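Remarks on the overall topology
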Amino acid sequence: MALRPVQVNIKALDGLAVGRFWAEALGWSAYSPGVTTYVGPVGGIVWPDPVHVCIDIVPVPEPKTTTKNRVNLDLATTSAAHQAELVARLKALGATPAHVGQGDVPWTVLADPEGNEFCVLEPREIYRDTGPIAAVVVDCEDPRAMARFWGEAMDWTLHEVTDDHAVLRSAKGVGPYLEFLRTPGVKTVPDRVHLDLLPYPGDDKAAEVARLRALGATDLDLGQGDVPWTCLADPEGHELCVLAPS
C-alpha cells in the first residue's frame, strides 16, 4: 500500500482569482467544476494527472497572516532570459516581491495576489524535465525525520537526505520534486498550502489513514465536518489530506 500526491491545496479568499493567477503562471488552465478551482494542464481535467501534481484552490473566509507559509512552490525556468521573462509576467499578473530572509540569491521570491510565497528559480539541470513546477518545498526542523515519514507514506523515491535537505520524486521520474529544507523556527499557525494524497485504485482509504497514524501522523480538526477526505498532520504538524478514490 502507498499513497501518491495528486494536488497542492491552496486556501484563498477569492478562489477564482487565485486560480486564474496560477493557471496563467504555469501555462495551465483553471477549471471550476464545483466549490474549488482546479488548476491543471490545458485540455480538460484529467484527475489524477498521470505526470503533474496539480493545484486545487479552496475558498476560505480568513486572509493569510503575515507568517511565511511553511510550504511553497518553486517554479522551473530554462534560461536566464526565461527566468527574467517569467518574473516580469508574474508581476504583471499581480505577484509581488517577497522578503523571507533570502539575501542575495539567484532565484526570485514572489508572493501570489493573496500573499502565498513562491520562488522562480534560476535554470537548474535537475529541474529540466519537471514541467512548470520544479518542486514543492516544505520548511521543517528535521529533514531526515520528514524523509522517513513521507518516504513511508508515499510511493515516491528518496533521492537525497542530509541533516539539511531531503528530496523525493515519483518513482516514474516525472513531475516535480518534494523537498524538505531545514528551517529555523517551528510551525505555529495553520498553513495556507498543503498536499493532498490519494490511494491507488483498489487500496483501502481507511487502511491508508491508519497506516499514516502508525507512522506518526495525527488527526486534524479544521472544522471540515463530515467529508469524504481525512485531514491529518505529519509529525511536524504540516497539514495533509487523504482523499477518497473517485
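Structure report, in brief. What you see is a predicted model, and the numbers here were worked out from it, not measured in a lab. (Residues numbered from 1 in each chain as written. Predicted model: local features only at pLDDT ≥ 70, side-chain atom pairs only at ≥ 80, totals over all residues. Heavy atoms only, no water.)

**Some words on the overall build of the protein chain**
Our working definition: For the purposes of this entry, the term helix denotes a DSSP run of H or I that reaches at least four residues, the term strand denotes a run of E that reaches at least two, and both are numbered from the N terminus. Every radius of gyration here is taken over C-alpha atoms, with the globule rule written as 2.2 Å times N^0.38, N being the number of residues. Using a 1.4 Å probe on the protein chains alone, a residue whose accessible area is under 20% of its type maximum counts as buried, one over 50% counts as exposed, and one in between counts as partly exposed.
Secondary structure assignment for the protein chain yields four helices and 16 strands. Since a compact globule built from 246 residues should have a radius of gyration of about 18 Å, the 17 Å found for the protein chain is in line with a globular shape. Dimensions of the protein chain, computed from the C-alpha atoms along their principal axes, are close to 50 × 40 × 35 Å. Of all 246 residues assigned to the protein chain, the portion counted as buried reaches 49%.

**A few points about the side chain of D74**
Short version of the rule: Here Asp and Glu are counted as negative and Lys and Arg as positive; His is not counted, and neither are the chain ends. The rule for a salt bridge is simple: a side-chain nitrogen of Lys or Arg has to be within 4 Å of a carboxyl oxygen of Asp or Glu. By the criterion applied in these results, polar contacts are pairs of N or O atoms within 3.5 Å in which, for protein atoms, one can donate a hydrogen and the other can accept it, and in which residues neighboring in sequence qualify only through two side-chain atoms. The contact criterion used throughout is that any non-hydrogen atoms of two residues lie within 4.5 Å.
Secondary-structure assignment places D74 in strand β5 (residues 71–75). Here D74 occupies a buried position and makes no salt bridge, while the nearest side chain of opposite charge, R124, is found at 5.7 Å. Engagement of the side chain of D74 in a polar contact is seen with the side chain of N72, the distance being 3.2 Å. Ignoring sequence-local partners within four residues, the contact set of D74 consists of C119, L121, P132, I133, A134, A135 and V137.

**Here's the deal with the sheet that holds strand β14 (residues 218–219)**
Counted only if it meets this: Two strands are counted as paired when DSSP detects at least two bridges linking them. Comment: axis = line fitted to C-alpha atoms, over the contacting stretch for helices; angle = value between 0 and 180 degrees taken between N-to-C directions.
The strand order across the open sheet built from eight strands is β2-β3-β4-β1-β13-β16-β15-β14, with neighbouring strands paired in mixed fashion. With one partner strand each, in any of the chains shown, β2 (29–31) and β14 form the two edges of the open sheet. Across three bridges, strand β13 (residues 193–199) lies against strand β16 (residues 239–242) in parallel orientation. When the sheet's bridge partners are listed, D196 is paired in β16 with C241. Sitting on the sheet, helix α4 (residues 205–215) is in contact with β1 (3–12), β13, β14, β15 (230–233) and β16, with an inclination near 15 degrees to β15.

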